[in-house]
Amino acid sequence: MIKILFVEDTPHDAELASRELKRSGILHEYQRVDTEQNLRAAMEQFGPDLVLSDFSMPHFDGLSALKVVKQVQPDIPFIFVSGRIGEEMAIESLKLGASDYVIKTNLSRLASAVARVLEHVEQRDARRRVERELRELNHMFSTFMENMPGAAFIRDEQGRFVYANHALDTALGLQRGEAIGKRLDELFPRQIADRLQAGDQRVLDAGKALQIVELVACVHGETHWLSTKFPLVEGEKSVRIGGMAIDITERMKVEEELLLRNRAIEACVNPIVIVDVQMPDMPLIYVNGAFESITGYSREEAIGRNCRFLQGGDTEQPELEKLRAAIREQRPASVLLRNYHKDGTMFLNELYIAPVSEGQGGAVNHFVGVLYDVTQIKRYQEDLEHQANYDTLTGLANRNLLNERVQQALIHAQRYEQMLTIVFIDLDNFKLVNDSLGHGAGDELIATVGTRLQNCVRAGDTVARIGGDEFVLLLINQNMQSGVSHVMQRVQHEMIKPVMIRGQDIVVTCSMGIASYPTDGSDAESLLANADAAMYRAKSSGRNNFQFYEKEMNARTGQRLALEHDLWGALENDEFHLLYQPQIELASGRIIGVEALIRWGHPRRGLISPLDFIPMAEHNGLIIPIGNWVLQTACRQMCELLASGLPPLRVAVNLSARQLGEKDFISVIRRTLDATGIDPNCLELELTESMVMHNVEDIIGVLKALNAMKIQLSLDDFGTGFSSLAYLKRFPIDRLKIDQSFIFNCDSDPDDAVISQTIIALAHNLKIKVIAEGVERPEHLAFLKQNGCDEAQGYFIGQPLAFDELRSMLLAGQEA
Ligand SMILES: Nc1nc2c(ncn2[C@@H]2O[C@@H]3COP(=O)(O)O[C@H]4[C@@H](O)[C@H](n5cnc6c(=O)[nH]c(N)nc65)O[C@@H]4COP(=O)(O)O[C@H]3[C@H]2O)c(=O)[nH]1
C-alpha cells in the first residue's frame, strides 16, 4: 500500500484519480492539500511515497508545490495531474524535478505513469541501497585492512603496489599511501626485492594461496615476515597478487630461544625430567637424553609412568615423605634417594625438584626434576669419614675413633659399674723389620698383626692402631683380671706365629701394658697414659710379655723421661764404662774370654744397669753411637791387655737389634777392627734369638760376612725365644749361650735340666760350642761339666770386673 498526497483544490478530482488508480490495481491511501502550509505539514506527518499535483489552484500552484516537495524530500516522485499546460511549462516543470505529466481529461494514462514512476523509484532505491551497502562494505573493509596489525597489499605482475595498508607503510617507514604505484625494487634493496618478487611468481605459477616466510627490510632493520599470498584473478588470468603478512621476528626469536633451551636441556649431562602433577598418578611427560643414558630406561619406557619405578622395590626410604610433602605443598625441595638403573644396580640420586606454574601466580601444573648421580661423591665422603676414623693400612680404628669409643665405653662402664680395660701394645724390634726389609714389608707385617689382634678380641671390643707399631685394645665387659690375662695370652700366642713376608718367615713379639677402669684411671687420657707406662715396663723387663699397671709406674715414667733426657748427654760426658765378666773353658778352667757389659755412671743417680737404659737407647736410636762406643772400647781395651804382655783374650760384645739392622754395620765393624788392630778372632758378637729371627735371609747375609771376617758369633739367651732349628743350621754361629733362667734350676728342676741338656746336644750336633751363663753355684758348674757344656760364666766363676781389675787379675793369674 503506497501513500499518495494530492495537491488539489477539487476533492472530486482527487477522488476520480484515486479511483482510476485503484481500478488499475495500485493500492494506496491518499490525503489532499491545497495550500503550501498544508503541503509541508502533510509531507512531514503523512510521509507520502508519491505526490500528484494540479498545476493551477486558487490558493496555490503546482510549480510552488514541486519546489516545496523537492526541497523537503527531493527523492519523492512528483507527477502533475492537470488540465493542459503549455509545452514550455511542461519542460520547466520536468527541469524542476517533476517525474511526469498527466492530463486530467485523460486519466487512463495516470496508472501507467504512476507505475513507471514507482518502478523507477524502486530501481533507484535499489541502486542506492546497493551503493550504500557497497559504501558500507568498502568502509568496513578498509577500516579492517587499515587497522589489522599485519601488512596487507596488492601488487601487480610487475611487483608494483596497487594497494598497501597502513601497517605496511608503517613497517616500511613510508608516508601513508607512498607505496602505491611503486615497484618492489624501488622500496627494497635489490636482493630482498628479488626474493619477494620470486615469491610472488611462485604464487602466480601455483595459482593458489601460499604461505611464505620472507625477509623484509623494515624501518627497524631486516625482519622476518610470514606472508600469505594469493593470486587475484581477472578473467582467466592471474594478474595480481594479494597478500597479508605478519612480522614473526619476535616469534622466531622466541622459537629459537625455546629451541636453544630445549637443546640445552637435552645436552645437559644431568638427567632432567618433567612431571605432570595434574594428571592422575603424576606421570613423566619428558625425560632428556642424560636420563636415558644414566638410568638405562628409554624415553618410551619412562614417559607416562610415575617416577617411582626408579626406586624398584626399595620404597621404604625416609626421604620419600619429604618429596611427597614438597609436591603437596607445591614448593622446591632436594632429597637423596636410592634409585636403580634398569640393570638393577643402585645409584644415589640427589634429586632437586621445583614447581612450574602456568604464568606468574598461576596454578602449578608441572614439576621439573634434576637428578644428580652422587654415588661416587657419597662413596668418597664415606671414604673420607672412614679415613678420619680408621687406619688405612689395617682398617682398624685410629686414635680419633679410639678416643670416641673409650669415652662412650667409660660412660657405659660408669653407669653399669663395669670394668673397662685398655691394652697398649708395642711391637718388639719392629723398626728392624722396617729398616732391613723395607717399608712395604713393614706395612704387610703391621696389617697381619692388625688382623691377628682383631681375632683375639670379642665383637664389642675395639682394636685401634695409633702409631707406627703401636696398637691399643679396648676391652669391655672383661670384669676379671684373669679374663684380661687370658686375652693377653691369646695375643702372645697369635703374635709368635711366623709371618711369611716376601718369602721369609718373620717372627714378631710384642710388649703390652694394661690399665683398667676404675682401678687405674677414670678418664680416657689417664687410662691410655697408664697403659703406656705399663707397656714400657713390659718392654724393659725383657719384651714379649705384658704388664698390669701399678701406681708406681707413673713415678717410673717420670724417672724414665728424666733418664732419657740425661742419656742424650751421657756419651759426650764420658759417663759410660765397661765391666768384663770372665768366661772359662769348663774342661780346663782356663779363662778363655770375657763378656763386655756396659755401665752408666750417672752423675747424680750413680751406677745404672743396662736393663734400665738399653731399651730406652734402642727406642730413641742412641743405641747406635753407644753400641759403637762399646765395640771400640772393648776392642781397644783387649789390645791394651795384649800390650800389657797378656795373651790374646776373646771379648764378647752384646749387639742390639738396631745395630745389626744398620746398613753400614759391616763397615763399622771393619773400621773398628782397623782402628784398634784387634785380631777379629778375638771379637765375639752376641746376638739374641729375636734379633736374628726377624728377616732371616738378610741376617744370614750379614752373619756370613762377619764370619768371613773371622769374627766369632754367639746366640744369647738361647731357649727363651722361638728359634727355628731349620734356621739355626743355616746361621754361621760359633757359640750358643744357654739362658741363665735354665741354669738357675738346672740342678733341681728336671725340665730345666732337660732343656739345658738338649741345647748342649743340639749345639754339638751342629758343631756349635755351648756356653752357659748365670752360673751361681758349684752345683751349676758340676751339672754343666757333667753334661759336656764347653764354657761358662757367672757370679760363681767371676763377677763382672772393671778393666783395671780384669787386667790385674789376669796378670796375677799369669804370674801364678
Ligand atoms: N743372675 C745372675 N746374673 C749374672 C750372673 N753372671 C752375670 N750376670 C748378669 O747377667 C747379664 C748377662 O748379660 P746379658 O745376658 O748379655 O744381658 C745383658 C745385655 O743384654 C744387656 N747389655 C749389657 N751390656 C750391653 C751392651 O754393651 N750392649 C748391649 N746392646 N746390651 C748390653 O744388658 C743385659 C744385662 O746386663 P747386666 O746387667 O750387666 O747383666 C749381665 C750380668 O751382670 C749370675 O751368675 N747370675
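Residues numbered from 1 in each chain as written. Predicted model: local features only at pLDDT ≥ 70, side-chain atom pairs only at ≥ 80, totals over all residues. Heavy atoms only, no water.

As named in an unreviewed UniProt entry, the protein chain is Two-component system response regulator, taken from Oxalicibacterium flavum. According to UniProt, the comment filed for the protein chain under the heading Catalytic activity (unreviewed entry) is "3',3'-c-di-GMP + H2O = 5'-phosphoguanylyl(3'->5')guanosine + H(+)". (UniProt positions renumbered as here; feature names shortened; annotations may be inferred.)

1. Re the sheet that holds strand 18 (residues 470-476)
In spatial order, the strands read 17-18-16-21-22; together these 5 strands make up an open sheet with mixed pairing. Because the sheet does not close on itself, it has two edges, and the strands there are strand 17 (462-465) and strand 22 (546-548). Neighbour-to-neighbour, the strand axes of this sheet turn through a mean angle of 20°, independent of strand direction. Pairing of strand 16 (residues 420-427) with strand 21 (residues 510-517), which is carried by 8 bridges, proceeds in the antiparallel orientation. Residue Ile422 lies in a different strand from strand 21, and its bridge partner there is Ala515. Along the sheet face, helix 14 (residues 399-416) touches strand 16, strand 17, strand 18 and strand 21 and points at about 20° away from the line of strand 18. (Pairing = 2+ DSSP bridges. Helix = DSSP H or I, 4+ residues; strand = E, 2+ residues; numbered from the N terminus. Axes fitted to C-alpha atoms, helices over the stretch in contact; angles between N-to-C directions. Contact = heavy atoms within 4.5 Å.)

2. Thoughts on the sheet that holds strand 3 (residues 50-53)
The strand order 2-1-3-4-5 describes an open sheet built from 5 strands, whose pairing is parallel. Looking at the sheet topology across the chains shown, the edges are occupied by strand 2 (28-33) and strand 5 (100-103). Averaged over all adjacent pairs, the angle separating strand axes in this sheet is 25°, with direction ignored. In terms of strand pairing, strand 3 meets strand 4 (residues 78-82) through 3 bridges, oriented parallel. Bridge pairing in strand 4 places Ser53 opposite Phe80. Across the sheet, helix 5 (residues 110-147) lies against strand 1 (2-7), strand 3, strand 4 and strand 5, angled at about 170° from strand 5, the strand it touches most.

3. A word on the packing of helix 19 (residues 552-570) against helix 20 (residues 610-620)
With their axes 10 Å apart at the nearest point, helix 19 and helix 20 run at an angle of 70° to one another. The angle between helix 19 and helix 20 places the two elements in the roughly perpendicular class. Residues Arg560, Leu563, Glu564, Leu567 and Trp568 of helix 19 touch helix 20, and the partners they reach there are Asp612, Phe613, Met616, Ala617 and Asn620. The residue inventory of the contact of helix 19 with helix 20, partitioned by class, reads 6 nonpolar, 1 polar and 3 charged. (Parallel < 35°, antiparallel > 145°, perpendicular 65-115°, else oblique. Nonpolar A, V, L, I, M, F, W, Y, C, P; charged D, E, K, R; others polar.)

4. Here's the deal with the nonpolar core
Formed by 84 residues in total, the largest nonpolar core has its most connected members in Leu567, Tyr580, Val651, Leu685 and Leu706. Here this core gets 11 residues from one element, more than from any other, and that element is helix 21 (residues 623-643). Apart from residues lying up to four places away in sequence, Val651 is in contact with Tyr580, Val594, Ala596, Ala634, Met638, Ile678, Cys682, Leu683 and Glu684. With 32 residues, the next largest nonpolar core counts Ile425, Phe471, Leu473 and Val491 among its residues. (Core = buried A, V, L, I, M, F, W, Y, C linked by side-chain atoms within 4.5 Å. Buried < 20%, exposed > 50% of the residue type's maximum accessible area, 1.4 Å probe, protein only.)

5. Looking at the packing of helix 21 against helix 30 (residues 803-815)
The geometry of helix 21 relative to helix 30 is characterised by a closest axis approach of 11 Å and an angle of 30° between their N-to-C directions. The pairing of helix 21 with helix 30 is recorded here as roughly parallel in orientation. Two packed elements cross with a definite hand, and for helix 21 against helix 30 that hand is right-handed. Across from Gln637, Met638, Glu640 and Leu641 in helix 21, the residues of helix 30 making contact are Phe803, Leu806, Arg807 and Leu810. (Left-handed = near helix turned anticlockwise from the far one by under 90°.)

6. A look at the site of the ligand
Close to the ligand lie 23 residues; Gln581, Arg599, Asn654, Glu776 and Tyr795 are nearest. Measuring from an oxygen atom of the ligand, one finds a side-chain N or O atom of Glu595 at 2.9 Å. Here Arg599 contributes a side-chain N or O atom positioned 2.8 Å from an oxygen atom of the ligand. Burial of the ligand by the protein chains amounts to 84% of its free accessible area of 790 Å². Elements represented by at least two residues in the shell around the ligand include exactly strand 24 (591-602), helix 20 and strand 28 (712-718). Counting residues per element, the shell around the ligand draws most heavily on strand 24, which supplies 4 residues. For the shell around the ligand, the per-class residue count stands at 9 nonpolar, 7 polar and 7 charged. (Near = heavy atom within 4 Å. Polar contact = N/O pair within 3.5 Å; in protein donor to acceptor, adjacent residues only side chain to side chain. Areas by Shrake-Rupley, 256 points an atom, 1.4 Å probe, with all protein chains shown as cover.)

7. A word on the state of the cysteines
Here the structure, examined in full by the defined rule, presents 0 disulfides. Among the cysteines around Cys635, which has no disulfide bond, Cys639 carries the closest sulfur, lying 6.9 Å off. (Disulfide = S-S within 2.5 Å.)

8. Let's talk about a nonpolar patch on the surface
Taken together, the side chains of Val130, Leu134, Leu137 and Met140 make up a nonpolar region of the molecular surface, amounting to roughly 410 Å² of accessible area. Tracing the backbone shows Leu134 in helix 5. Exposure remark for Leu134: the relative accessible area of 53% places this residue in the exposed category. (Patch = residues over 30% accessible without salt bridge, like charges linked within 9 Å, V, L, I, M, F, W, Y side chains within 5 Å. Salt bridge = Lys/Arg side-chain N within 4 Å of Asp/Glu carboxyl O.)

9. Comments concerning the packing of aromatic side chains
The geometry of an aromatic ring pair is captured by the separation of the ring centres together with the interplanar angle, meaning the angle of the planes. Evaluated as defined, the whole model comprises 12 aromatic pairs. Look at Tyr297 and Phe309: their rings are 4.8 Å apart centre to centre, the planes differ by 85°, and that puts the pair in the edge-to-face class. Of this pair, Tyr297 sits in the loop between helix 10 (289-295) and helix 11 (299-302) while Phe309 sits in the loop between helix 11 and helix 12 (318-328), placing them 12 residues apart in sequence. Across the pair, exposure class does not vary: Tyr297 and Phe309 are buried alike. Each ring, one from Tyr352 and one from Tyr372, has its centre 5.5 Å from the other, and the planes form 80°; the classification is edge-to-face. Of this pair, Tyr352 sits in strand 14 (residues 346-357) while Tyr372 sits in strand 15 (residues 364-373); the two residues are 20 residues apart in sequence, bridging distant segments of the chain. On the accessibility criterion, Tyr352 (37% relative accessible area) is partly exposed. Given the relative accessible area of 34%, Tyr372 is considered partly exposed. In this structure an aromatic cluster arises from ring pairing among Phe576, Trp600, Phe613 and Trp629. Against the face of Phe309 rests Arg305, its NZ or CZ located 4.2 Å from the ring centre. Residue placement shows Arg777 over the ring face of Phe744; its charged tip is 5.7 Å from the ring centre. (Phe/Tyr/Trp six-rings, centres within 6.5 Å; stacked < 30°, edge-to-face > 60°. Lys NZ or Arg CZ within 6 Å of the ring centre and 35° of its normal.)

10. Describing the pattern of salt bridges
Under the definition given, this model contains 50 salt bridges. Glu292 serves as the salt-bridge partner of Arg299, at 3.3 Å between the closest nitrogen and oxygen. Taking relative accessible area as the criterion, Arg299 reaches 24% and is therefore assigned partly exposed. The partner of Asp426 in a salt bridge is Lys539, with the nearest N and O atoms 2.5 Å apart. Taken as a pair, Asp426 in strand 16 and Lys539 in helix 18 (residues 524-540) lie far apart in primary sequence, 113 residues in all. A single network of salt bridges, built from pairs that share partners, joins Arg183, Asp185, Glu186, Arg190 and Asp194.

11. Quick notes on unusual backbone geometry
A cis amide bond links Tyr517 to the next residue, Pro518, at an omega of 5°. Topologically, Pro518 is positioned in the loop between strand 21 and helix 18. Although it is not a glycine, Asp281 adopts a positive phi angle of roughly 65°. The class of Asp281 is partly exposed, set by a relative accessible area of 45%.

12. A word on the side chain of Glu494
Along the chain, Glu494 turns up in helix 17 (residues 481-495). Overall, Glu494 belongs to the buried group, its relative accessible area being 18%. Aside from chain neighbours lying at most four places away, what touches Glu494 is Arg452 and Cys456.

13. As for helix 30
With 13 residues, helix 30 should reach 18 Å at 1.5 Å per residue; the first-to-last C-alpha distance of 18 Å fits that figure. Every buried residue belonging to helix 30 is among Phe803, Leu806 and Leu810, and all of these are buried. Viewed along the axis of helix 30, the buried residues span an arc of 60°, placing them on a single side of the element. Where helix 30 is buried, its residues touch strand 23 (576-585), strand 24, helix 21 and strand 32 (801-802). (Expected span 1.5 Å × (residues − 1). Arc of directions from axis to C-beta.)

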